[in-house]
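Okay, here's what each chain looks like letter by letter:
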Amino acid sequence: MAQPKFIIAVRVNEFKTRDLNPHVPFSPEEIAQVTFECWRQGASVVHFHAREARTGAPSNDTAIYGEIIRLIKERCDIITFPTLGAHKAPSVGDRVAHILALAKDPATKPDCIPVDMLTTNMAVYDSSSKKFEAEESVYTNTIGTLRHICEAVNKVGVKPVSEIWNVASVRCTEAFVDMGLFQQPVYCELPLFEDRIRTHGHPGTIRGMQALLDFFPRSADWQWSAHSHANTFAIAAAAIEAGGHAAIGLGDYHYPELGIPTNGELVTHLASMARWMGREVAGAAEAREMLGMS
Ligand code: ZN
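Described in the following lines is the structure provided in the data block. Everything numeric here is computed off the predicted structure, so don't read it as measured data. (Residues numbered from 1 in each chain as written. Predicted model: local features only at pLDDT ≥ 70, side-chain atom pairs only at ≥ 80, totals over all residues. Heavy atoms only, no water.)

**Focus: the overall build of the protein chain**
Here is the rule: A helix here means a DSSP run of H or I that spans at least four residues, while a strand means a run of E at least two residues long, and both kinds are numbered starting from the N terminus. Just to be clear, the radius of gyration here is over C-alpha atoms, and the globule rule we use is 2.2 Å times residues to the power 0.38. A contact between two residues is defined here by any heavy atoms of the two lying within 4.5 Å. Shrake-Rupley sampling with a 1.4 Å probe provides the accessible areas, and residues are treated as covered by the protein chains on show and by no other component.
Summing up its helical and strand segments, the protein chain has 9 helices and 12 strands in all. Taking 2.2 N^0.38 as the reference for a compact globule, 294 residues should give roughly 19 Å; the C-alpha atoms of the protein chain span a radius of gyration of 18 Å, in line with that estimate. Along the first, second and third principal axes, the C-alpha atoms of the protein chain reach 45 × 40 × 40 Å. Across the protein chain, contacts joining residues at least 24 apart in sequence account for 71% of those joining residues at least 6 apart. About 13000 Å² of surface is accessible on the protein chain, with carbon and sulfur atoms providing 52% of the total.

Rendered as structure tokens:
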């Protein structure tokens, strides 16, 4: 059977500074312009975090999110995938408030949002000092929180995306499908973590990815996309071969081995790789249909 078209998601900024790569976009205009370049190169999904325009500090400002989405929609039909009010926001309400506000206006309505399907340690390991930094840091997502997030966004027509960090996330996703909180086709992301952030989940290797896929329910209609927080090309190649999808971007890694590229250049490389391996790259409208977004 022919492989489905390959969906490229671009993760343009996360919380990254410009110290290691100056091409990380901060302002709504920068994020929209970078997104447009990535869309032209074959990206059909864009994940972004709102940032203060000048300093790049993380922002939870609904107006900034609105401006980003409005400027993106003026330029192209890419699937918009903003972050939630991150793990520092204490309540479910704080996490989804900006999404619910944005969903009221078609010009700013996002297509989907990430739901991290686990509670986990967030400490970072420094192998040179042989110590964990932020030893007490925990990212808490009770099942109640996750259910409330899904219910709130489903109600306004924004698709929850299952973020599968470990095997327990796979099993909870299966339960959430059973409960009607995720609708098939489920769109899920498989983030993988290099050794420094080993507390979060599986290693950024093909085996780390495969260990998640091994527990996917056999008959499920789950469209999955893998990415690493380091060089993601080996993971992406394995995903291309296995019929999955992949994400890439400066939000995860600065790619000195590729000469400090732009987000657009990373998407260009990934799209070429997919074509070399015999997978056609999905356009945004095709990706929307494959992922069950109207
Ligand atoms: Zn993010």
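**Section: the environment of Lys159**
Selection rule: Burial classification: accessible surface area is computed with a 1.4 Å probe over protein chains only, and a residue below 20% of its type maximum counts as buried, one above 50% as exposed, and the rest as partly exposed. In protein, a polar contact means a hydrogen-donor-capable atom and an acceptor-capable atom, both N or O and within 3.5 Å, with residues adjacent in sequence counting only if both atoms are side-chain atoms; elsewhere, any N or O pair within 3.5 Å suffices.
Considering the arrangement of structural elements, one finds Lys159 in strand β9 (residues 159–163). Residue classification places Lys159 among the buried residues on the basis of a relative accessible area of 11%. Apart from residues no more than four positions distant in its own chain, Lys159 is found in contact with Asp111, Cys112, Ile113, Gln183, Pro185, Tyr187, Leu291, Gly292 and Met293. In terms of polar contacts, Lys159 uses its side chain to reach the backbone carbonyl oxygen of Pro185, at 2.8 Å.

**Quick word on the coordination of the zinc ion**
Counted only if it meets this: Note that water is not among the atoms used; donors are N, O and S atoms within 2.8 Å of the metal (3.2 Å for Na, K and Ca), so sites may look incomplete. Key to geometry: four donors with every angle between 85 and 135 degrees are tetrahedral; four donors are square planar and six octahedral where opposite donors lie over 155 degrees apart and all remaining angles lie between 65 and 115; all other sites are irregular.
For the zinc ion, the protein coordination sphere consists of Glu14 (OE), Glu14 (OE), His47 (NE2) and His49 (NE2), at 2.0 to 2.5 Å. One way to put it: the 4 donor atoms around the zinc ion meet at angles of 53 to 133°, and that makes the site irregular. Sequence positions of the residues that donate to the zinc ion give the spacing E-x32-H-x1-H. Each of the two residues, His47 as well as His49, counts as buried.

**Quick look at the sheet that holds strand β3 (residues 79–82)**
What counts is decided by this rule: Note: two strands are recorded as paired if DSSP finds a minimum of 2 bridges between them. Geometry is summarised by axes, namely lines fitted to C-alpha atoms with helices restricted to the contacting stretch, and by angles between N-to-C directions that run from 0 to 180 degrees.
Strand order across the open sheet formed by 8 strands is β3-β2-β1-β12-β11-β10-β9-β4, with parallel pairing between neighbours. Two strands in the sheet have a free side with no partner beyond their single neighbour: β3 and β4 (112–116). Ignoring which end each strand starts from, the neighbouring axes of this sheet average 30° apart. Here strand β10 (residues 186–192) runs beside strand β11 (residues 222–228); their pairing, made up of 7 bridges, is parallel. Pairing of Glu189 across the sheet is with Ser225, part of β11.

**A short note on the packing of aromatic side chains**
Put simply, the test is: Only the six-membered ring of Trp is used, alongside the rings of Phe and Tyr, when aromatic pairs are assigned; centres must lie within 6.5 Å, and planes under 30 degrees apart are stacked while those over 60 apart are edge-to-face, with the rest tilted. Whether a charge sits over a ring depends on NZ of Lys or CZ of Arg being within 6 Å of the ring centre and within 35 degrees of the ring normal.
For the coordinates displayed, the defined rule picks out 10 aromatic pairs. Between Phe48 and Tyr65 the ring centres are 6.3 Å apart and the planes differ by 40°, which places this aromatic pair in the tilted class. Here Tyr65 lies in helix α2 (residues 62–75) and Phe48 lies in strand β2 (residues 43–48), a separation of 17 residues in the sequence. For the pair shown, Phe48 and Tyr65 are each scored as buried. Plain terms: the ring middles of Tyr125 and Phe132 are 4.9 Å apart, the flat faces sit at 50° to each other, and that makes the pair tilted. Joined through ring pairs, the aromatic side chains of Tyr139, Trp165 and Phe193 make up one cluster. Directly above the aromatic system of Phe26 lies the positively charged group of Arg18, at a separation of 3.7 Å from the ring centroid.

**Considering helix α1 (residues 28–41)**
Convention followed: By definition here, a helix of n residues has an expected span of 1.5 Å times n minus one.
If you check α1, its first and last C-alpha atoms are 20 Å apart, about what 14 residues at 1.5 Å a residue would give, namely 20 Å. Buried residues of α1: Pro28, Ile31, Ala32, Val34, Thr35, Phe36 and Cys38, and no others. Looking at the buried side of α1, the elements it contacts are β1 (8–11), β2, α2 and α8 (263–276). Once α1 ends, the next one or two residues include Gly42, with phi positive near 125°.

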